[in-house]
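# Structural features, examined
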Amino acid sequence: MQNNNWNLTGKTALITGGTYGIGFSIAEEMASLGAKVIIVARTEKSIKSSIAKLMNLGFKAEGFVADVSLTEDRKNLFSKIEESNSKLDILVNNVGTNIRKKSIEYSYEEYQQILNTNMNSNFEMSRLAYPLLKKTGSGSLVNILSVAGFTHLRTGSPYAMTKAALNQLTKNLAIEWIKDGIRVNAVSPWYTRTPLVQSLMEDKAYLEDVLSHTPLGRIAEPEEIARVVAFLCMPASSYIIGQNIVVDGGFLINGF
């Protein structure tokens, strides 16, 4: 007999930044567990490619083009979702960007770009999803953070600031929205094998420094993050709210 506590059968999940790296792995993991996934990205080409990969595996998937850092794109996205889907059970706020510089070197435009993409978009996406998640009576929202929100990682101040802010947003929404049946949690990865950090991982000295502070002795694979995200959206995690699960191979315990 199938244990329905450990799958996502019948659920519909919206994943931002879902065409590569951690976002695509989340989409693939959730789809493999029975969910219909809706992926969002800025380019139609990347969406079509990702949807094709998922559908070739026999999964239910669709996608929409949107830059979630833009107000109009967010509104249009949810209009399309409401038109084409009867419900939304899960939102994963995964989209993010970074520009690595010393604090004094950022232009105001660069600073705003990081805040709009990483923080403001998550806040507004969550609010737009709220009525749909509430309607299901058992909605789940997961924010993808970073261990950069807890300690200095040389990733740049604006990036770290946004991730720390999203940790607090997770806690606030968890308390505000649980009465509506919406569970809100977060996942914080350490270095993960994605295109966003590929250039850093090619720097042998930098990689050795990272690994020397990671007790597991390697960087994470995207699917290792995806599994935790999927768990937080399953009935099996029904008593977990407002938590930030760190997936870092022991880094935060060890220190940098």
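Coordinates for the structure precede this section.
For the structure given in this document, a descriptive report is provided here. Only a predicted model underlies this, so the values are computations on that prediction, with no experimental measurement involved.

What counts and how
Residues numbered from 1 in each chain as written. Predicted model: local features only at pLDDT ≥ 70, side-chain atom pairs only at ≥ 80, totals over all residues. Heavy atoms only, no water. Axes fitted to C-alpha atoms, helices over the stretch in contact; angles between N-to-C directions. Helix = DSSP H or I, 4+ residues; strand = E, 2+ residues; numbered from the N terminus. Parallel < 35°, antiparallel > 145°, perpendicular 65-115°, else oblique. Left-handed = near helix turned anticlockwise from the far one by under 90°. Contact = heavy atoms within 4.5 Å. Nonpolar A, V, L, I, M, F, W, Y, C, P; charged D, E, K, R; others polar. Polar contact = N/O pair within 3.5 Å; in protein donor to acceptor, adjacent residues only side chain to side chain. Salt bridge = Lys/Arg side-chain N within 4 Å of Asp/Glu carboxyl O. Phe/Tyr/Trp six-rings, centres within 6.5 Å; stacked < 30°, edge-to-face > 60°. Patch = residues over 30% accessible without salt bridge, like charges linked within 9 Å, V, L, I, M, F, W, Y side chains within 5 Å. Areas by Shrake-Rupley, 256 points an atom, 1.4 Å probe, with all protein chains shown as cover. Buried < 20%, exposed > 50% of the residue type's maximum accessible area, 1.4 Å probe, protein only. Pairing = 2+ DSSP bridges.

Before going further, it helps to spend a moment on the packing of helix H1 (residues 21-32) against helix H8 (residues 222-233). Two elements in contact, H1 and H8, have axes separated by 8 Å at closest approach and are oriented at 50°. Looking at the two axes, H1 sits oblique to H8. Here H1 runs over H8; the crossing is right-handed. Contacts from Gly21, Ile22, Ser25, Ile26, Glu29 and Met30 of H1 reach H8 at Pro222, Glu223, Ile225, Ala226, Arg227, Val229, Ala230 and Cys233. Partitioning the contact of H1 with H8 into residue classes produces 9 nonpolar, 2 polar and 3 charged.

The next thing to look at is the side chain of asparagine 7. Checked against the element boundaries, asparagine 7 lands in the segment before strand S1 (12-16). A polar contact is formed between the side chain of asparagine 7 and the side chain of asparagine 4, at a distance of 3.5 Å. There is a polar contact of 3.0 Å between the side chain of asparagine 7 and the backbone nitrogen of threonine 9.

The next point concerns the pattern of salt bridges. Counted by the stated rule, this structure contains 10 salt bridges. A single network of salt bridges, built from pairs that share partners, joins Lys134, Lys179 and Asp180.

A separate point is the packing of aromatic side chains. Taken as a whole and judged by the stated rule, the model has 6 aromatic pairs. Between tryptophan 190 and phenylalanine 251 the ring centres are 3.8 Å apart and the planes differ by 5°, which places this aromatic pair in the stacked class. Of this pair, tryptophan 190 sits in the loop between strand S6 (183-189) and helix H6 (198-201) while phenylalanine 251 sits in helix H9 (residues 251-254), and the two are 61 residues apart along the sequence. Each ring, one from tyrosine 191 and one from tyrosine 206, has its centre 6.0 Å from the other, and the planes form 90°; the classification is edge-to-face. Of the two residues, tyrosine 191 is situated in the loop between S6 and H6 and tyrosine 206 in helix H7 (residues 204-212); the sequence distance between them amounts to 15 residues.

The next subject is a nonpolar patch on the surface. Together, Phe150, Val246 and Leu252 make up a nonpolar patch on the protein surface, roughly 220 Å² of accessible area in all. Within the secondary structure, phenylalanine 150 sits in the loop between strand S5 (140-144) and helix H5 (157-177). Using a relative accessible area of 40% as the deciding quantity, one classes phenylalanine 150 as partly exposed.

Residues in a regular strand point their side chains to alternate faces of the sheet. For S1, the buried fraction is high: 5 of the 5 residues fall into the buried class. As defined by bridge partners, S1 adjoins strand S2 (residues 36-41) across 5 bridges and the pair is classed as parallel. Residue pairing in the sheet places leucine 14 in a bridge with isoleucine 38 of S2. Bridge count between S1 and strand S4 (residues 90-93): 3 bridges; the pairing is parallel. Within S4, the residue paired with isoleucine 15 across the bridge is valine 92.

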